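Commentary on secondary and tertiary structure
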Amino acid sequence: MKRHIPGLHSRQQDRENLLEGLFLVRVDAASYRWHPHKPFLSVRFIVLEPEAFAERSFSGRLYCTERALWKLNWFLRDFGYDSDLLNQDQIDEKALLKLLGVVRTSYVTLNGRSFQNLEVFALATEWEELYYETVQTQGSDNDL
C-alpha cells in the first residue's frame, strides 16, 4: 500500500524545527549506548525557558571515550548529578532524570547529516544572568 505524505521529501521543514541557542532544560530521558569505538550517553531534554520554546524537546549525545570524558563530567557536575555516584565513576540513568541545567546548542552538518551539538553547560541557578547577557549581546549586534 502506498501513502502520500506531503513534505516527506523536503529537508526545509527540518531546519525550521531546530533548536539553537541557550536554554534552561530538564533531563527527560537518558540512556547509555554502547559502540565499539564511541560509546555515548544519549540525553533528551525538555526546554523550560525561554518561554517561547517551553515544552519543546531535543536530544544530544555525550561521548564516553577517554578524550571526551571532560565534557560528560562538565554536564554531570553542572546539572547536579549525585556526587557520590560521580566519584565512583557510575552513571545511573534514573538519577539523571529531572536534573536541571543550562545548555547552549547548535547544529552541525557532517556528510549530509545534521547533529545536535551540546556546546556549553551551566548551573540552572545561572540561567537568568546568562540569558540576560545573551539577549544584551544580540541586541547590541543589531545596533551595528
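Note: the structure precedes this text.
Computed from a prediction, not measured in an experiment: that's the story for all the values here.

1. Some words on the packing of aromatic side chains
Under the defined criterion, the tally for this structure stands at 12 aromatic pairs. Summarising the aromatic geometry, the rings of F23 and F53 are spaced 5.6 Å apart at their centres and angled 85° between planes, so their arrangement reads as edge-to-face. Of the two residues, F23 is situated in strand β1 (residues 21–33) and F53 in the loop between β2 (40–49) and β3 (57–63); the sequence distance between them amounts to 30 residues. The exposure class assigned to F53 is partly exposed, which follows from its relative accessible area of 29%.

2. With respect to the pattern of salt bridges
Applying the stated rule across the entire model yields two salt bridges. Close ionic contact of R44 with D28 constitutes a salt bridge, the shortest N to O distance being 2.6 Å. Taken as a pair, R44 in strand β2 and D28 in strand β1 lie far apart in primary sequence, 16 residues in all. Accessibility expressed as a relative area gives 34% for R44, which makes it partly exposed. Residues R104 and E119 are paired through a salt bridge, measuring 2.9 Å at the closest nitrogen-oxygen approach. Here R104, found in strand β4 (residues 100–110), pairs with E119, found in strand β5 (residues 113–122); they are 15 residues apart in sequence, far enough to count as distant.

Reading the values: the criteria
What you see as residue numbers is a count from 1 along each chain, following the sequence as written. Reporting in this predicted model follows two pLDDT cut-offs: at least 70 for local features of residues, and 80 or more for side-chain atom pairs to be given and counted; totals over whole chains, interfaces and linings ignore these cut-offs and use all residues. Excluding hydrogens and water, the side-chain values take into account all heavy atoms of the structure. Pairing of aromatic side chains requires ring centres within 6.5 Å, counting the rings of Phe and Tyr and the six-membered ring of Trp. Pairs whose planes differ by under 30 degrees are stacked, by over 60 edge-to-face, and all others tilted. Elements are defined by DSSP. Helices are runs of H or I of four residues or more, strands are runs of E of two residues or more, and each kind is numbered from the N terminus. Classification of residues uses two cut-offs on accessible area relative to the type maximum, computed with a 1.4 Å probe and protein chains only: under 20% is buried, over 50% is exposed, and between them is partly exposed. One side-chain nitrogen of Lys or Arg within 4 Å of one carboxyl oxygen of Asp or Glu is enough to make a salt bridge.

This is a description of form; function is not addressed.
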